[in-house]
Amino acid sequence: MPQNLLTPQAGSASMRSRCPLQYIHLGFRFVRYQSTPWFVLTITPLKLLFASGVERTHEQVRYFNAIARIDFVATYGLLIDLLW
């Protein structure tokens, strides 16, 4: 019978304890979710130079969606903290 090592067994005493790999995975997902729009903002203008027609429209939509996903209030707060 296969055993799942990432989740505790129902009968074990450490039901509330979690594997550190789960926390690392959640942290990685959070960082990836927060940094993805910035990657799109850097890559898409280069793609727009060489795209035409429907591909160009698709890249423009990706670019505007990335702008909408960025939390500029937190970004401005970070910049203010760095300046002062």
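Structure: see above.
In this report, we go over the structure that sits alongside the text. What you see is a predicted model, and the numbers here were worked out from it, not measured in a lab.

1. Observations concerning the overall build of the protein chain
So, step 1. Within the protein chain, the secondary structure is distributed over three helices and zero strands.
So, step 2. Reading the secondary structure of the protein chain in the N-to-C direction produces α-α-α.
So, step 3. Here the protein chain holds 84 residues, and the buried ones make up 11% of them.
So, step 4. Considering only intrachain contacts with a sequence separation of at least 6, the fraction spanning at least 24 residues in the protein chain is 35%.
So, step 5. Carbon together with sulfur atoms contributes 67% to the accessible area of the protein chain, which is approximately 7500 Å² in total.

2. Notes on the pattern of salt bridges
So, step 1. Under the counting rule described, the total for this entry stands at one salt bridge.
So, step 2. Between E59 and R62 there is a salt bridge, and its shortest N-O distance comes to 3.7 Å. With E59 and R62 both in helix 2 (residues 54-69) and three residues apart, the pair spans about one turn of that helix.
So, step 3. Residue E59 is classed as buried on the basis of its relative accessible area of 10%.

3. Details of the side chain of T44
So, step 1. On the secondary structure map, T44 appears in helix 1 (residues 20-50).
So, step 2. Within polar-contact distance, the side chain of T44 engages the backbone oxygen of V40 at 2.7 Å.
So, step 3. Not counting residues up to four positions away in its chain, the partners in contact with T44 are E59 and Y63.

4. What about helix 1?
So, step 1. Look at helix 1: 44 Å from first C-alpha to last across 31 residues, which is about the 45 Å you get at 1.5 Å a residue.
So, step 2. Where helix 1 bends most, the angle comes to about 35°, and this point is S35, followed within four residues by the proline P37.
So, step 3. Residues of helix 1 that are buried include every one of P37, V40, L41, T44 and L48, and no others.
So, step 4. Of the surrounding secondary structure, the elements contacted by the buried residues of helix 1 are helix 2.

5. Side note on a nonpolar patch on the surface
So, step 1. On the surface, W38, F64, I67, F72, Y76, L78, L79 and L82 cluster together into a nonpolar patch covering about 820 Å² of accessible area.
So, step 2. The dominant element in the nonpolar patch, judged by the number of residues it contributes, is helix 3 (residues 72-83), at five residues.
So, step 3. Mapped onto the fold, L79 is located in helix 3.
So, step 4. With relative accessibility at 44%, the residue L79 sits in the partly exposed group.

Cut-off values and rules
- Residues numbered from 1 in each chain as written.
- Predicted model: local features only at pLDDT ≥ 70, side-chain atom pairs only at ≥ 80, totals over all residues.
- Heavy atoms only, no water.
- Helix = DSSP H or I, 4+ residues; strand = E, 2+ residues; numbered from the N terminus.
- Buried < 20%, exposed > 50% of the residue type's maximum accessible area, 1.4 Å probe, protein only.
- Contact = heavy atoms within 4.5 Å.
- Areas by Shrake-Rupley, 256 points an atom, 1.4 Å probe, with all protein chains shown as cover.
- Salt bridge = Lys/Arg side-chain N within 4 Å of Asp/Glu carboxyl O.
- Polar contact = N/O pair within 3.5 Å; in protein donor to acceptor, adjacent residues only side chain to side chain.
- Expected span 1.5 Å × (residues − 1).
- Bend = angle between axes of the 7 residues up to and from the residue.
- Patch = residues over 30% accessible without salt bridge, like charges linked within 9 Å, V, L, I, M, F, W, Y side chains within 5 Å.

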